[in-house]
Every structure is written in structure tokens, then in C-alpha cells.
Amino acid sequence: MPAPISAPRPPRATRLLRRAPAVVATLAAVLALAPWGGAGCKSREGLTVGAYLSMTGATADFGTQTKRGFDMAFEDVNHAGGVRGKPVSLVVLDTQGKADEAGNAVTRLIDVEGAVAVLGEVASSLSLVGGRICQRKGVPMISPSSTNEAVTQIGDQVFRVCFIDPFQGYVMARFAADHMHYTRVAVFRDVRNDYSVGLARAFVDEFRRTGGQIVAEQSYSAGDTDFGAQLTSMKSAAPEAIFIPGYYGDVGNIARQAKRLGLQATLLGGDGWDSPQLREIGGPDILGSYYSNHFAPDNPSPRARSFIARYRQRHGEPPTSLAAQGYDAAMMLFDAMRRAPELTPRAIRVELAKTRDFAGVTGVITMDPATRNPIKPAVVLRVAPGGDVFETTVEPVSADTLAAAADATPDRIADPSRQRPSGGGLGVFFQQLVNGLSAGSIYALIALGYTMVYGVLGLINFAHSEVFMMSAFAGFYCANWLGYRQGLPFPIAAAFAVLVFAMVAAALLGVTIERLAYRPVRNAPRLTPLITAIGVSLLLQNLGVFVFSATPRSFPSIVAESRFEIGGVVITNVKLVIFGVSIALMIGLDRFVKKTWTGKAMRAVAVNPDGRAADGRPRRPHHLAVTFALGSALAAAGGVLFGLDQTKIEPMMGVLIGLKAFVAAVLGGIGNIPGAVLGGLLIGLAEQLTAGYLSADYRDAITFVILVGVLLFRPQGLLGVVRQEKV
Ligand code: PHE
């Protein structure tokens, strides 16, 4: 640790401040452990049915919509006197869209809440986790909407009220071939999502059988923000349509980025698109796309119509498929309960398997007792401004037909060599370079803060990535406050105002963190500040979730989106702004550090850690404050530019990006300012080229391969100098 920087402060203030890290750490722990928006209320009388849904997180809308359907069904049954005179209560636990939380939720529903049956999840990957627990514990589960074939294959306890993905893939392949007359389609799937992988496979099988050609196969991972590399390489294959079997949040972003790159292909998808949020995130770029679903809001059946009318009255909008499926799943459960000789999980399971001709709002449900899947038709909807519009219905086909499609085309989508992006020539290469440099500029802006603070304090400021995240939100709120959605009279001035606001807010946050968390421990052993930094980082992450909610937000387009093309390389206004702002800030920083006394002092401490600048004058506390303020403001510029470019921000966004920026700082030589810029650009390029030419699956890995390489072969970093560890 560096030596004391200033004269001793008044003892009382010091004593109070010394406690700050402990307070921060405790708060962080409390916030991390608090059950945000999770538990429902439990009532001990009557019967308890458990439900597990993603009420928060990236797919929060799945849970919200489905729960509305559950709530209506529970009201209906209790209004009619319950099941055989007993009221039925619902306990909903939040999965946050995560597999481990889903497992915890189901275990708790059965063991603690005493649920006789379980409803959920929506996402197939989570139903696959929860279903196994229900199977083991002998409690029946009904998934309202999980379509992956494997879900009900878990065992005889697991049911669903929706069709399955082999059929859904068939529906969209037929739609693409017969209805749209497409022959060249690309597939873009989420590799970490069982639903997406299974649906992509079913689509490819059937589309090939129609004689169509799959011209490109690319992948992403849920929560990714940059799809440029994959989209660029798909564009070079000139598809007429891209099939994207993913969830609404990612799909909305993909649509925006695809249009920016000048991709003209029609976007096609599956039921995972079903959310009003899709139109909100995708904006005009998602309109005119098509997806398959369980239920059309303009459904003509009388039963559906009365459900739709009641739902509309209550929520002021038409129900999504999710709400309707939720309603049907719960009603089908009550129907089985009424027939069961006793209200035990075992007896209910037996009756569920016997469900025949149950009239649901999404159609008539007859459970196949062997597979526990109903046979139902699908609809295709077109994404339109006011709501999605019915396009066509596809009737069920036999399991043999679907199996024949799978047999006709041997399993090759799993073969990674086929996923390899098609090279695509020089134009594509330059496009990848432009995209890589723009991502790299953002890493560089963040890396500067790590390097400057390390240079002055010898501290790895883990909270820096959260300053980046918070400042993106500051920009988001500022832009919305200025009224960006309506379009503004002075767009350039307003965009500048958003940038400056976020930078000032971040500078204040940075200085506050330094003052409250780091300064009190500056004389403590080396480990203390490090742990404090981790504590502050966790605190801010959880504060972010608490204040902004875990649901991702769409960053307003504060820069008019237009683009031009040079030799097949698309350059958007947004990219120009990213380059312009980053270069200007970097030049400004360089000037500041070289020309001003404070800047020189900041630089000097790195090589002269005894608290004196190179010219022998003592370092003052305000040098620290200035370092934090500048570093944080640069990260804020990174945050706003990131929001502009990737369009999606959420409270956990700092974790991975911050880590990569930190690696960039290490790569360039931690403590070295030009090194951070160089490191950032190199990491951005390496990622983009890896995703574009190898596979997007390795995008994150490449950064860490580089880190290991640097640590082994050039631990001081590219531009760093070997120096004695400061203690
Ligand atoms: N079918 C999707 C899955 O299995 C979930 C889903 C259904 C999402 C319906 C939206 C609407 O993962």
C-alpha cells in the first residue's frame, strides 16, 4: 500500500470512516441475500398448489404474463367454492430465469409449502430442472408453455398443455417454404437454451426436407449484447430469412442490430418471442417478422373470446399466449383434482393422465397418457405495431411425420464445423474490423479507469465495472427524462447533455467510493482494500437490481440511426459517434496527464509511490479524487456508448465487460495509460474476429486465453515496465 498521503484527519471522522468498509460489506451481504420480489404468500388452510416462474430477470415477462393466467384461474375456482369445497391457494416462487433458482424453488414448494401439484416453468431449460425434482418427489407438474420434447420425457409426473418443438419447428419450416416461398434461410440459435437448440434442429430438418437450403448456422448465448460478428457473417450468405428460435429480449436486440448492418432478411421465430416487450425492445426493426405461437389474440372460439374479454378488462391489453396457457394449465389441474378420489399428489397424477377433451381457452386438450403431451394446432403471427396479427393456423401432424423429418436429415446441426461462419471476403473482414474497433474503444475507456487507479493507489478497483453499469443507467434515465422517445428538437445538444450528465454522475460516484470505502483503509494491509473493493462492487450490483430491477432496459436511440456503406462495409452514425467520442476523450486525457500539475502528480506516483510527485512535491488527497473522478467519467462515456451501440442495459452488465476491460488493462500493462487503450482495442478486435471466423461460442474465452498468455509470457503487459512490487 502507498504511504499516507495527507496529514492526520480529526480522530472522530477517521474513526467513523474506518467503519465504512464494514458497513458497506454488511449492506452488500444483506442486499445480496434479500429475496427480491420472490415469495408469494402462503396460506395453510385448504390446498396449496405451487408455481415456479421467472418473475424477475431477462425473461421476467414470461412469469408476469403466466401468473396473470394462474391468478384468473385460481379466482375462478375459489369463486365457485374451490375444489370439492376446499379453497385452493397458489404459492409462486421466483426462478429469476436461472436453473439453480428453479431447482431451489421447486424443492421448497414441495418440502416447505406442501404443494400437492406444481405449475411451471415457462422456459424449457428450467422445466427440465424442476421436472426432475417433481419426478423424484412424486408430485405432478404441469408446464404451461415449455415446448422442448425432453420435458415430459422426464417421467410420468410431468405434463404440459402446449404442443412440442418438433411440431413447432415443422410449422415454421412449412411456413417459410410454402407460405413465403423461401429457399435460402439462415438459423441463429441460443446455444445455452434447450428450447432454442431443439427448435432450431426441428426447423432445419423440415426445411431441408422441403428442398430449402440452410445457408448459415450461427449461435449466441442468452444475454449477449453484441451480435454484430454473427450477423455480419450471416449477411454474407445472403439469406431470404433468418430463423431465430430465442427469447424476446435477445431477439429484440438482434433485430435492431441486424437492421443496422443492413440485413434485409425477414426474421422468423417461435413462441419464445411472445411478449409485448418484443416490440418495445425491437422497435420498428422487428415489425413484419413472423413467429409461431399457441394462441392468437383474435381467436374466434367463444370460450377464448370470453377469456380475452375478461383479461382485457382487467389488464387493458389482450392476453399473450402465456397467460392463456397459464389459465389452461391451472384449470386442467382443477379438473383432475375434482375427479381424483382423494386430494393427494398420487391420485391427482393419475387423473391428469386421463384428461380427455378438456375445453381450454387455447383449444381442446386430450392428454396422450404415454407422452403426457396434448395434440394441438399452432398459429403463425405477424409482428405489427399495435399487437401481433394472426396470419395462419397449422393443424397438428402425426408423430410419424415429424420423426420422418428427423430421420431424413442426419443430425448435423450439432457438428460445430458446420457452424463455422463462411469467410465472406474482404468486405466482411473490414466489417468485423470496424465492429471490433468500436467494441474495443469501449473496453479502452473502461480500462483507463482500472489502470489510473492502479497506477496511483496500487488497487484493483473492482467497483469500477459497477460505476460503468450505473452510469449507463444514469444516461438511460437522463435520456428518457429529456423525452427521447418523442424525438427532440436539438438532437446533438441533447445527446451531448446525456453524455455529460452520465459522466458527471459517475465522477461523483467514483469520488464518493474513494472517500467512503477506500480512503479509510488506505493504511490497512493490502488485502483489506481488495476485499473492500469486492464488497463495494457487490453492493452496487445489488443496489442496481434493487433500484433498476433485473429486467433489461432498452437504451434510447439518442443518436439518429442512419448508415452508409463503403465497399460493402456498413458504418452507422452510432459507430462514428463511438469512435469520435472515444478518440476525443483519450486525447483529452493524454493532454491532462502530460500538461497539468495534477496529472503529472498522478503519473508520478506510479513510479514513486512514497507519496511524492517526481518533482518532490507531496501528493495531495485531491489527486486521488481527481483520479477516481476522471476514471469514472471515462467509464461513464463507455457506458453511454455501450448503451447506444448494444441497445440493452441491465444491472449485471458490468461483470463480464468490466472483467474484460480489466484484462485489457493488464494486457496493455496495468498502470500504463496508452497501454490500456491498446489493450482495449486488441481485446475488442480479438473477440470480434474470433466470433466472426471461429465461433461465437469462443468469444468470451479468447479474452481469458489472452490473459493467461500475458501472465505467462509478458507479465508486465505490452507497454508496461518491470518494476518492484509496491508494498
Ligand atoms: N416454449 C418456450 C420454451 O419452451 C417458452 C415459451 C412459451 C415462451 C410460450 C413464450 C411463450 O422454452
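Refer to the structure presented above.
Residues numbered from 1 in each chain as written. Predicted model: local features only at pLDDT ≥ 70, side-chain atom pairs only at ≥ 80, totals over all residues. Heavy atoms only, no water.

Asks: Just to check I follow, could you spell out the overall build of the protein chain for this structure?
Replies: On a plain count of helices and strands, the protein chain comes out with 26 helices and 18 strands. Residue burial in the protein chain is summarised as follows: out of 727 residues, 58% are buried. When contacts within the protein chain are restricted to residue pairs at least 6 apart in sequence, those whose partners lie at least 24 apart make up 74%. When the accessible surface of the protein chain is summed, it comes to about 28,300 Å², and 62% of that surface belongs to carbon and sulfur atoms. (Helix = DSSP H or I, 4+ residues; strand = E, 2+ residues; numbered from the N terminus. Buried < 20%, exposed > 50% of the residue type's maximum accessible area, 1.4 Å probe, protein only. Contact = heavy atoms within 4.5 Å. Areas by Shrake-Rupley, 256 points an atom, 1.4 Å probe, with all protein chains shown as cover.)

Asks: When you look at helix α20 (residues 527-548) in this model, what are you seeing that I'm missing?
Replies: An α-helical turn contains 3.6 residues, so any two residues separated by three or four positions project in the same direction. Its 22 residues give α20 an end-to-end C-alpha distance of 31 Å, which sits within 8% of 32 Å, the value for a rise of 1.5 Å per residue. Residue S549 follows α20 closely and has a positive phi angle near 70°. (Expected span 1.5 Å × (residues − 1).)

Asks: Can you help me understand the nonpolar core in this one?
Replies: Nonpolar side chains in soluble globular proteins generally cluster together in the buried interior. Counting 121 residues, the largest nonpolar core has L119, F203 and M337 as the members making the most contacts within it. Residue contacts for L119: discarding those within four places in its chain leaves V49, G50, A51, Y52, F70, F74, I142, A329, A330 and L333. Membership of the second largest hydrophobic core comes to 75 residues, among which are L457, I513, I558 and L644. (Core = buried A, V, L, I, M, F, W, Y, C linked by side-chain atoms within 4.5 Å.)

Asks: I'm lost on the site of the ligand in this one. Help?
Replies: By nearness alone, 14 residues border the ligand, and S124, S145, T147, Y247 and D271 come closest of all. Contact distances for the ligand include 2.8 Å between a nitrogen atom and a side-chain N or O atom of T147. Note that a nitrogen atom of the ligand is positioned 2.7 Å from one of the side-chain N or O atoms of D271. Here the ligand loses 100% of its free accessible area of 320 Å² to cover by the protein chains. Looking at the shell around the ligand residue by residue, the class counts come to six nonpolar, six polar and two charged. (Near = heavy atom within 4 Å. Polar contact = N/O pair within 3.5 Å; in protein donor to acceptor, adjacent residues only side chain to side chain. Nonpolar A, V, L, I, M, F, W, Y, C, P; charged D, E, K, R; others polar.)

Asks: Teacher, can you tell me more about the sheet that holds strand β14 (residues 389-394) here?
Replies: Each strand in a sheet pairs with another by means of backbone hydrogen bonds, the pair being arranged parallel or else antiparallel. Across the sheet, which stays open at both edges, the seven strands sit in the order β7-β6-β8-β9-β10-β13-β14 with mixed pairing between neighbours. Where the open sheet ends on each side, the last strands, each with one partner, are β7 (213-220) and β14. Taken pair by pair, the neighbouring strands of this sheet meet at an average axis angle of 25°, ignoring direction. Two strands pair when backbone bridges link them, and strand β6 (residues 184-190) and strand β8 (residues 241-243) are joined in this way by three bridges, in the parallel orientation. By the bridge assignment, A186 is partnered in β8 with I242. (Pairing = 2+ DSSP bridges. Axes fitted to C-alpha atoms, helices over the stretch in contact; angles between N-to-C directions.)

Asks: I'm lost on the sheet that holds strand β1 (residues 47-53) in this one. Help?
Replies: Taken in spatial order, the five strands of this open sheet run β2-β1-β3-β4-β5, and their pairing is parallel. Every interior strand has two partners, whereas the edge strands, β2 (88-94) and β5 (158-160), have only one. Averaged over all pairs of adjacent strands, the angle between their axes in this sheet comes to 25°, without regard to strand direction. One ladder, built from two bridges, connects strand β3 (residues 117-120) with strand β4 (residues 141-143); its direction is parallel. Across the sheet, the residue bridging to V118 is M141, located in β4. Sheet strands in contact with helix α3 (residues 60-79) are β1, β2 and β3, and its direction is about 170° off that of β2.

Asks: I keep staring at the pattern of salt bridges and nothing clicks. Help me out?
Replies: Once the charged atoms of two side chains with opposite charge are near each other, the side chains can pair. All chains considered together, the criterion is met by 22 salt bridges. Two residues, D71 and K67, come together in a salt bridge whose shortest N-O distance is 3.0 Å. Taken together, the residues span about one helical turn, with D71 and K67 both in helix α3 at a distance of four residues. Classification of D71 by relative accessible area gives partly exposed; the value is 26%. (Salt bridge = Lys/Arg side-chain N within 4 Å of Asp/Glu carboxyl O.)

Asks: Looking at this model, I keep getting lost on the packing of aromatic side chains. Mind explaining?
Replies: Under the counting rule described, the total for this entry stands at 25 aromatic pairs. Ring geometry for F163 and F167: centres 5.6 Å apart, planes at 75°, overall edge-to-face. Relative accessible area serves as the criterion here: at 3%, F163 is assigned to the buried category. Relative accessible area serves as the criterion here: at 4%, F167 is assigned to the buried category. Note on F468 and F642: the rings are 5.7 Å apart at their centroids and 75° apart in plane angle, and the pair reads as edge-to-face. Here F642 lies in helix α23 (residues 621-646) and F468 lies in helix α18 (residues 464-482), a separation of 174 residues in the sequence. Among the residues examined, F468 registers a relative accessible area of 0% and is labelled buried. Looking at F642, the relative accessible area reads 5%, which means it is buried. (Phe/Tyr/Trp six-rings, centres within 6.5 Å; stacked < 30°, edge-to-face > 60°.)

Asks: It is not clear to me how the environment of L199 should be interpreted in this structure. Could you clarify?
Replies: By the secondary structure assignment, L199 is in helix α8 (residues 194-209). When the C-alpha atoms of L199 and G270 are compared, they prove to be 8.0 Å apart, with 71 residues separating the residues in sequence. Setting aside residues no more than four positions away along its own chain, L199 makes contact with D165, Q168, G169, F243, P245 and G270.

Asks: I would appreciate a short explanation of the pairing of β14 in the present structure.
Replies: A regular strand places its side chains so that they alternate between the two faces of the sheet. Note: strand β13 (residues 378-382) against β14, five bridges, orientation antiparallel. Residue pairing in the sheet places R382 in a bridge with V389 of β14. Taken together, β13 and the strand that follows it, β14, pair antiparallel across an intervening segment of six residues.

Asks: How do you make sense of the packing of α18 against α20 when you look at a structure like this?
Replies: For any two helices packed against each other, one specifies the inter-axial angle together with the distance between the axes. α20 packs onto α18 with a crossing angle of 25° between their chain directions and a minimal axis gap of 9 Å. Put simply, α18 runs roughly parallel to α20. Seen from above, α18 lies across α20 with left-handed handedness. On the side of α18, the interface is formed by E466, M469, M470, F473 and Y477, while α20 contributes S537, L540, Q541, L543, G544 and F548. Of the residues that constitute the contact of α18 with α20, the class distribution is seven nonpolar, three polar and one charged. (Parallel < 35°, antiparallel > 145°, perpendicular 65-115°, else oblique. Left-handed = near helix turned anticlockwise from the far one by under 90°.)

Asks: Can you help me understand the side chain of T355 in this one?
Replies: Along the chain, the position of T355 falls in the loop between α14 (345-353) and β11 (358-360). Of the residues examined, T355 reaches a relative accessible area of 1% and is grouped as buried. Within the structure, the side chain of T355 is placed 2.7 Å from the backbone oxygen of L352, a separation counted as a polar contact. Ignoring anything within four residues of it in the chain, the contact list for T355 reads M332, R339, I365, T366 and M367.

Asks: What's the story with the packing of helix α9 (residues 228-235) against helix α25 (residues 673-693) in this structure? I'm lost.
Replies: Look at α9 against α25: their axes get within 8 Å of each other, and the N-to-C directions meet at 40°. Comparing the axis directions of α9 and α25 gives the class oblique. Considering only the axes of α9 and α25, their crossing is right-handed. When α9 is examined against α25, the residues G228, A229 and S233 are found in contact with a partner set consisting of Q688, A691 and G692. Here the residues of the contact of α9 with α25 are counted per class, giving two nonpolar, four polar and no charged.

Asks: Can you help me understand the pairing of β7 in this one?
Replies: Of all eight residues in β7, seven are buried, a share of seventy percent or more. Where β6 and β7 come together, seven bridges link them in parallel fashion. The residue of β7 that forms the bridge with V185 is I214. Taken together, β6, α8 and β7 form a β-α-β motif whose crossover is right-handed. (Right-handed = clockwise from strand over helix to strand, strands pointing away.)

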